[in-house]
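Architecture at a glance
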Amino acid sequence: GAGVSQSPSNKVTEKGKDVELRCDPISGHTALYWYRQSLGQGLEFLIYFQGNSAPDKSGLPSDRFSAERTGGSVSTLTIQRTQQEDSAVYLCASSLALGGPTYEQYFGPGTRLTVT
Amino acid sequence: GIQVEQSPPDLILQEGANSTLRCNFSDSVNNLQWFHQNPWGQLINLFYIPSGTKQNGRLSATTVATERYSLLYISSSQTTDSGVYFCAVFSSNDYKLSFGAGTTVTVRA
């Protein structure tokens, strides 16, 4: 079956522009997570969704970051007024649910964002 | 949040050698996963192992939850085993995977 997919795979944008990153989770997975990986910070958690709800947005780096999920499936991570420190690989993961063995997370290939 | 420490940070092996990677974590966890990040950046699931021992081919893992550590064993290493190995733990207190800094493994032919 299909895994987690993300688009675009690469995005180069100018400082100050807005970008949208997309994640398609594994079919039937109700939980979805966003992480980012950068050289200086390693892998850091950003936000999770249970269904369409994101109960805790405190992991988002600043108010320029927002995320939504619709129909319990596709999610978009939006970064407004991008800055050079936003350059990183943004990873999406999904899991069957939020409980027991269903916690196991599966990751997409990531979107490499470069802000020039 | 939960702190995750991995050791060693770097490991160079000759093809055919065996090795052990370690992951220590600072608090009780609901889930522990081992990943291999390939040269293209994809995180490949190796093990979901909150406790006990599992084996998958030349790889095996053991988690001792009461002592807050996990070990990943690579036997008869191959060049394709090269990459970064991450340990990550999950707590239902905050519903996130906390990652260690990784162990970079280089297997030489």
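Residues numbered from 1 in each chain as written. Chains lettered and ligands numbered in written order. Predicted model: local features only at pLDDT ≥ 70, side-chain atom pairs only at ≥ 80, totals over all residues. Heavy atoms only, no water.

A look at the nonpolar core
In terms of nonpolar packing, the biggest core is built from 22 residues, with Leu 21, Trp 34 and Leu 72 of chain B touching the most fellow members. Those elements that provide at least two residues to this core are strand 2 (10–14), strand 3 (19–25), strand 4 (31–37), strand 5 (43–48), strand 7 (59–64), strand 8 (69–74), strand 9 (83–91) and strand 11 (103–108) of chain B. In this structure Leu 21 of chain B touches Ser 7, Leu 11, Trp 34, Ser 70, Leu 71, Leu 72, Ile 74, Tyr 85, Thr 103 and Val 105 of chain B, once residues within four positions along its chain are discounted. Cys 23, Ile 26, Trp 34 and Cys 92 of chain A belong to the second-largest nonpolar core, a separate cluster that totals 21 residues. (Core = buried A, V, L, I, M, F, W, Y, C linked by side-chain atoms within 4.5 Å. Buried < 20%, exposed > 50% of the residue type's maximum accessible area, 1.4 Å probe, protein only. Helix = DSSP H or I, 4+ residues; strand = E, 2+ residues; numbered from the N terminus. Contact = heavy atoms within 4.5 Å.)

A word on the pairing of strand 7 (residues 75–79) of chain A
Residue and element names in this part refer to chain A. By the criterion of burial, strand 7 is predominantly enclosed, with 5 of the 5 residues buried. In this sheet, strand 7 lies alongside strand 3 (residues 19–24) in antiparallel orientation, the contact comprising 5 bridges. Across the sheet, Leu 21 pairs through a bridge with Leu 77, a residue of strand 7. Bridging between strand 6 (residues 65–69) and strand 7 involves 5 bridges; their strand directions are antiparallel. Its bridge partner lying in strand 7, Glu 68 is registered against Thr 76. Counting the residues that bridge the hairpin from strand 6 to strand 7 gives 5 residues, and of these Gly 71 lies at a positive phi of roughly 60 degrees. (Pairing = 2+ DSSP bridges.)

Description of the interface of chain A and chain B
Listed per partner, the contact involves 17 residues of chain A and 17 residues of chain B. In terms of surface lost to chain B, no three residues of chain A exceed Leu 43, Tyr 103 and Phe 107 of chain A, which account for 37% of the buried area on that side. Taken together, chain A and chain B are joined by 0 salt bridges. The tally of links from chain A across to chain B stands at 6 residue pairs in polar contact (both at pLDDT 80 or more). (Buried area = accessible area lost by both parts, 1.4 Å probe. Salt bridge = Lys/Arg side-chain N within 4 Å of Asp/Glu carboxyl O. Polar contact = N/O pair within 3.5 Å; in protein donor to acceptor, adjacent residues only side chain to side chain.)

Quick look at the sheet that holds strand 8 of chain B
Residue and element names in this part refer to chain B. One open sheet accounts for 5 strands, arranged 1-3-8-7-6; its pairing is antiparallel. Every interior strand has two partners, whereas the edge strands, strand 1 (4–7) and strand 6 (52–56), have only one. In this sheet, adjacent strand axes meet at a mean angle of 15 degrees when their direction is disregarded. Where strand 3 meets strand 8, 6 bridges bridge the pair, whose relative direction is antiparallel. Each residue of the ladder has a partner; that of Cys 23, found in strand 8, is Ser 70. (Axes fitted to C-alpha atoms, helices over the stretch in contact; angles between N-to-C directions.)

Here we look at the state of the cysteines
Residue and element names in this part refer to chain A. Evaluated as defined, the whole model comprises 2 disulfides over all chains. A sulfur-sulfur distance of 1.8 Å marks the disulfide that ties Cys 23 to Cys 92. Between Cys 23 and Cys 92 the sulfur-sulfur dihedral comes to about -65 degrees; the bridge is accordingly left-handed. Taken together, the positions of Cys 23 in strand 3 and Cys 92 in strand 8 (residues 88–95) put the pair 69 residues apart, joining distant regions of the chain. A residue is classified by how much of its surface remains accessible, and Cys 23, at 0% relative accessible area, is buried. (Disulfide = S-S within 2.5 Å.)

Regarding the environment of Gly 40 of chain A
Relative to the helices and strands, Gly 40 of chain A resides in the loop between strand 4 (31–38) and strand 5 (42–50). Classification of Gly 40 of chain A by relative accessible area gives exposed; the value is 70%.

Overview of the environment of Phe 49 of chain A
All names here are of chain A. As for its position among the elements, Phe 49 is in strand 5. Assessed through its relative accessible area of 1%, Phe 49 is described here as buried. For the pair Phe 49 and Pro 109, spaced 60 residues apart in sequence, the C-alpha to C-alpha distance is 19 Å.

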